[in-house]
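Listed below are the residues making up each chain.
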Amino acid sequence: MAGLDTAGLAEAYQRDGYVAVEGLLSAAEVQALRDEAAAIARGERGDVIGAEAPAGPSDDELMGEVLAIHFPHKLSPLVRASMSHPKVVQILQALIGPDVKAMQTMLFVKKAGKPGQAWHQDEHYIATRDRSLCGAWIALDDATIENGCLWMHPGSHRPGVLYQTRPHDDDRFDPADEAQQYPFDREGGVPVELKAGGVAFFNGYVLHRSLPNRAASGFRRALVTHYMSANSLLPWVTGGKRAPEDLRDIVMIAGEDPYAWRGIQDVNVPYVRPDNPQRAAQVYGRLAELARERRQLQGAGG
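Attention here is on the structure that accompanies the text. All values derive from a computational prediction rather than experimental measurement.

Across its full length, the protein holds six helices and 14 strands. Computed over the C-alpha atoms, the radius of gyration of the protein is 19 Å, within 12% of the 19 Å expected from 2.2 N^0.38 for a compact globule of 302 residues. Referenced to the eigenvectors of the C-alpha coordinate spread, the extents of the protein come out at roughly 50 × 50 × 40 Å. Buried positions account for 50% of the 302 residues belonging to the protein. Sequence separation of 24 or more characterises 79% of the internal contacts of the protein that already satisfy a separation of 6 or more. In the form shown here, the protein has an accessible surface area of approximately 13600 Å², with 51% of it arising from carbon and sulfur atoms.

Written out as structure tokens, the structure is:
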């Protein structure tokens, strides 16, 4: 694919911990993913916890009640295909190596008026053994300072330190804990504005955040996939359980899988995270029930 300076992107990524590349997805590809998000949220791609009935409000009204869709690639062939978008994969191989796997997708909605997320590092949540975690953040709307684009602290990945996290009381951000005691200005950083179809690639150790969507209307949607080197084990778990040596709920994206002999698991459950607190509590309750059922089945099989 002509026009991509992958060597220059890799150099910038090593220096700053992130790169942003405009125009990787076409307008048609972006619109298809927007439409797909609404179809998933209506349950049209299969049963999913938190989905609304197919009939009802318009797509924009429906998505305005959604905070995020977790693991949409497990429901949608289109989202699954987007994980392996040729232009995205070309850059990933330049950044983290020829053998690439993915373990997570999330589709964020962030309508006007919604908060951002405070400074954090993704490896705090998704641990790798070789610091190869890389998020690919596909803008599905123009992402601007006004509507809550990403911000990065360039070079914050280089020490290889995962900073302490604590609760905060800043109403600009959602309730997720904030990184603390890092040697950077809390109100500093660099905004990463992108046109729809652009992609930000960022290292799992780089400090990043987003501010509230202060636009008068509309969304700041993004599809985020987390990738890593397939040569690393993935001691990652959701739901507060003990991490395994190597979670095999993955999708191979490129190259070879040296751990193919371990097989593939289906552990993480796709769900729609609603904005309404009562509905959100129902979703998390159902996820907890599923987790208990799986543990019981594992115990019965042991």
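Evaluated as defined, the whole model comprises two aromatic pairs. Aromatic pair Tyr163 and Tyr182: ring centres 6.3 Å apart, planes at 70 degrees, arrangement edge-to-face. With Tyr163 in the loop between β6 (150–152) and β7 (165–166) and Tyr182 in the loop between β8 (178–179) and β9 (190–192), the pair connects residues that are 19 residues apart, well separated along the chain. Grouping residues by exposure puts Tyr163 and Tyr182 together as buried. Centroid distance Tyr271 to Tyr284: 6.3 Å. Interplanar angle 65 degrees. Geometry classified as edge-to-face. One end of the pair, Tyr271, is in strand β14 (residues 271–274); the other, Tyr284, is in helix α6 (residues 277–301), with 13 residues separating them in the sequence. When the ring centre of Tyr205 is taken as reference, the NZ or CZ atom of Arg131 above it lies at 5.0 Å.

Another point: the nonpolar core. Residues Leu24, Met63, Ile69, Leu95, Phe201, Tyr227 and Ile253 are the most contacted members of the largest nonpolar core, which totals 45 residues. Ranked by size, the runner-up nonpolar core spans 23 residues in total, among them Trp137, Tyr163, Val206 and Val224.

With 15 residues, helix α2 (residues 27–41) should cover 21 Å at 1.5 Å per step; its first-to-last C-alpha distance of 22 Å lies within 8% of that length. Among the residues making up α2, those that are buried are Val30, Leu33, Glu36, Ala37, Ala38, Ala39, Ile40 and Ala41. The first or second residue beyond α2 is Gly43, which carries a positive phi of 80 degrees.

Moving on: the pattern of salt bridges. Evaluated as defined, the whole model comprises 19 salt bridges. Residue Arg34 is joined to Asp141 by a salt bridge in which the shortest nitrogen-to-oxygen separation is 3.8 Å. With a gap of 107 residues between them, Arg34 in helix α2 and Asp141 in the loop between β5 (134–139) and β6 connect regions that are remote in the sequence. Here Arg34 falls in the partly exposed class, since its relative accessible area comes to 21%. Judged by its relative accessible area of 10%, Asp141 is buried. The closest approach of N and O atoms between Arg248 and Asp257, which form a salt bridge, is 2.6 Å. Residue Arg248 is classed as buried on the basis of its relative accessible area of 3%. Taken together, the shared-partner salt bridges connect Asp170, Arg172, Glu178, Arg186, Glu187 and Arg209 into one network.

Another aspect to go through is the packing of helix α1 (residues 6–16) against helix α5 (residues 86–96). Where α1 meets α5, the axes come as close as 9 Å, and the angle between the chain directions of the two elements is 50 degrees. Classified by the interaxial angle, the pair formed by α1 and α5 is oblique. At the point where α1 passes α5, the crossing takes the right-handed sense. Seen from α1, the contacting residues are Thr6, Leu9, Ala10, Tyr13 and Gln14; seen from α5, they are Gln90, Ile91, Ala94 and Leu95. Partitioned by chemical class, the residues of the contact of α1 with α5 number six nonpolar, three polar and no charged.

So, how was this worked out
- Residues numbered from 1 in each chain as written.
- Predicted model: local features only at pLDDT ≥ 70, side-chain atom pairs only at ≥ 80, totals over all residues.
- Heavy atoms only, no water.
- Helix = DSSP H or I, 4+ residues; strand = E, 2+ residues; numbered from the N terminus.
- Rg over C-alpha atoms; globule rule 2.2 N^0.38 Å.
- Buried < 20%, exposed > 50% of the residue type's maximum accessible area, 1.4 Å probe, protein only.
- Contact = heavy atoms within 4.5 Å.
- Areas by Shrake-Rupley, 256 points an atom, 1.4 Å probe, with all protein chains shown as cover.
- Phe/Tyr/Trp six-rings, centres within 6.5 Å; stacked < 30°, edge-to-face > 60°.
- Lys NZ or Arg CZ within 6 Å of the ring centre and 35° of its normal.
- Core = buried A, V, L, I, M, F, W, Y, C linked by side-chain atoms within 4.5 Å.
- Expected span 1.5 Å × (residues − 1).
- Salt bridge = Lys/Arg side-chain N within 4 Å of Asp/Glu carboxyl O.
- Axes fitted to C-alpha atoms, helices over the stretch in contact; angles between N-to-C directions.
- Parallel < 35°, antiparallel > 145°, perpendicular 65-115°, else oblique.
- Left-handed = near helix turned anticlockwise from the far one by under 90°.
- Nonpolar A, V, L, I, M, F, W, Y, C, P; charged D, E, K, R; others polar.

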